[in-house]
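Residue-level structural notes
The chain contents come next:
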Amino acid sequence: MVKRYDSEKIQELIYNIYKAYGFTEEESQEVAHMLIYTDLIGIESHGVQRMIMYDDFIRNGKIRVHNKPEIVKETDVSAVVDAHFGLGQLNGIYSMKLAIKKAKEHGIGMVTTRRSGHYGIAGYYANMAAEEGLIGMSSCNSRPAMLPTHATKALVGTNPIAFAMPAKPNTFIFDAATTTVPQGKIEVYRKLGKDLPALWVAKDGETPVNDHNDSVDLDLLRDPNANVGLAPLGGVTEDTGSHKGFGLGVIVEVFTSILSMGNTSSEITPDDLSVGPCQSFTAIDPSIFGDKDAIINKFSNYLQEIRDLPSVPGKPVIVAGDKEATAYKDRSNNGIEIDDKTLAEVEGIADRLGVSYEQFVK
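Residues numbered from 1 in each chain as written. Predicted model: local features only at pLDDT ≥ 70, side-chain atom pairs only at ≥ 80, totals over all residues. Heavy atoms only, no water.

**Quick notes on the nonpolar core**
Formed by 34 residues in total, the largest nonpolar core has its most connected members in Ile10, Ile14, Ile17, Tyr18, Val48 and Met51. Broken down by element, this core gets its largest block of residues, seven residues, from helix α1 (residues 7–21). Counting 28 residues, the second largest nonpolar core, distinct from the first, contains Ile41, Leu98, Ala122 and Tyr124. (Core = buried A, V, L, I, M, F, W, Y, C linked by side-chain atoms within 4.5 Å. Buried < 20%, exposed > 50% of the residue type's maximum accessible area, 1.4 Å probe, protein only. Helix = DSSP H or I, 4+ residues; strand = E, 2+ residues; numbered from the N terminus.)

Shown next, in the form of structure tokens:
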């Protein structure tokens, strides 16, 4: 069952949990804010739901609590950061702040980060730039999850791409995996006992896996040698455009692991503590192309043209960022949605760390 919980109280609980892990007050505040923001905009797959995975990584040493990111190569407009396997959210915030600083000073900043960790939604970091009046982009690789077109084994990660740009009335925020869905969404469906509604997962390169009870096949998504994987954007055949999602996933690999000389998706496994995902962070000042306000107004007018198009009955035309803005307003007022299984996971973590939680989850 899914219930509503006060976002500020859950954020305080998460802060207390991360303090108990050994993170500083500022670090705990940053990760708590990031996870709650994710749930506030309606992306349950990557918010509180992800805490159990991070807990596993902290306990097995995949995430190293006291390690800090370090710049290992730098120019006026670029940098390579070695994250030293710190928490992905903290690495991402550090790296995007660096990209924003360079963009404000030189018009553009690009940072690529290696040996990091799962950093949540890519759109959070792109939006950090948009909140500063800049264009933001971010992407991340991951362990193998995507089936390349015609392949029967996963090798490319879910490899999301995010883009954000200031606009009126809502910031334009596009954030999408290059697979049909991220694995976290499949985890949510399993917790809720819901069958997969489309070709999200395939075995043997082409056979859909839809039944949420088909745990053998879905669990094999974590096995790099299995014949099960996520479909790229476009499905599993060229006729439906599989090669497009696959190609975008490879491009993400260039901007994350290749340029940083970190680990490619094919080299990342959940159990190997010597490898980790890579990320990229870009900030661009629109002023290097002309009057910033005029550019943002032109973009806003263009987006409104799209919204004003005739639509099918009961389904208005929306652009990226509209649903998130609506969800944020609703959930800020009425609470974020957390399913019972995820709440039990969080309470279990709190119990083990000696963190009181009852007052936060009433």
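There's more to say after this.
**Structural notes on the sheet that holds strand β7 (residues 172–176)**
If you trace the seven strands from one edge of the open sheet to the other, you get β2-β3-β4-β11-β5-β6-β7, paired in mixed fashion. Each edge of the sheet is formed by a strand with only one pairing partner; in this case those strands are β2 (70–74) and β7. The average undirected angle you get between the axes of adjacent strands in this sheet is 15 degrees. Relative to β7, strand β6 (residues 161–165) runs antiparallel, the two being bridged by five bridges. Bridging across to β7, phenylalanine 163 finds its partner in phenylalanine 174. (Pairing = 2+ DSSP bridges. Axes fitted to C-alpha atoms, helices over the stretch in contact; angles between N-to-C directions.)

**Side note on helix α9 (residues 292–307)**
Helix length check: α9, at 16 residues, gives a terminal C-alpha distance of 23 Å against a target of 22 Å (1.5 Å per residue), a fit within 8%. Listed as buried for α9 are Ile296, Phe299, Ser300, Leu303 and Arg307. Projected down its long axis, α9 carries its buried residues within an arc of 100 degrees, all on one side. Looking at α9, the residues exposed on the side facing more than 90 degrees away from the buried face are Lys298, Asn301 and Glu305. Measuring from the backbone nitrogen of aspartate 293 back to the side-chain oxygen at the start of α9 gives 3.2 Å, which picks out aspartate 291 as the cap. (Expected span 1.5 Å × (residues − 1). Arc of directions from axis to C-beta. Polar contact = N/O pair within 3.5 Å; in protein donor to acceptor, adjacent residues only side chain to side chain.)

**A word on the side chain of threonine 264**
By secondary structure assignment, the location of threonine 264 is in the loop between α8 (242–260) and β11 (279–284). Contacts of threonine 264, omitting those with residues within four sequence positions, involve Asn141, Glu253, Ser257 and Ile258. (Contact = heavy atoms within 4.5 Å.)

**Description of the pattern of salt bridges**
Pairing between side chains of opposite charge can happen when the charged atoms of each approach one another. This model, assessed by the stated rule, comprises 18 salt bridges. Of the charged contacts, one joins arginine 331 and glutamate 44 as a salt bridge, the two residues approaching to 2.8 Å between their closest N and O atoms. Placement of arginine 331 in helix α10 (residues 322–334) and of glutamate 44 in the loop between α2 (25–40) and α3 (51–60) is noted, with a sequence separation of 287 residues between them. Of the residues examined, arginine 331 reaches a relative accessible area of 8% and is grouped as buried. Its relative accessible area of 24% is what places glutamate 44 among the partly exposed residues. (Salt bridge = Lys/Arg side-chain N within 4 Å of Asp/Glu carboxyl O.)

None of this, on its own, says anything about what the molecule does.
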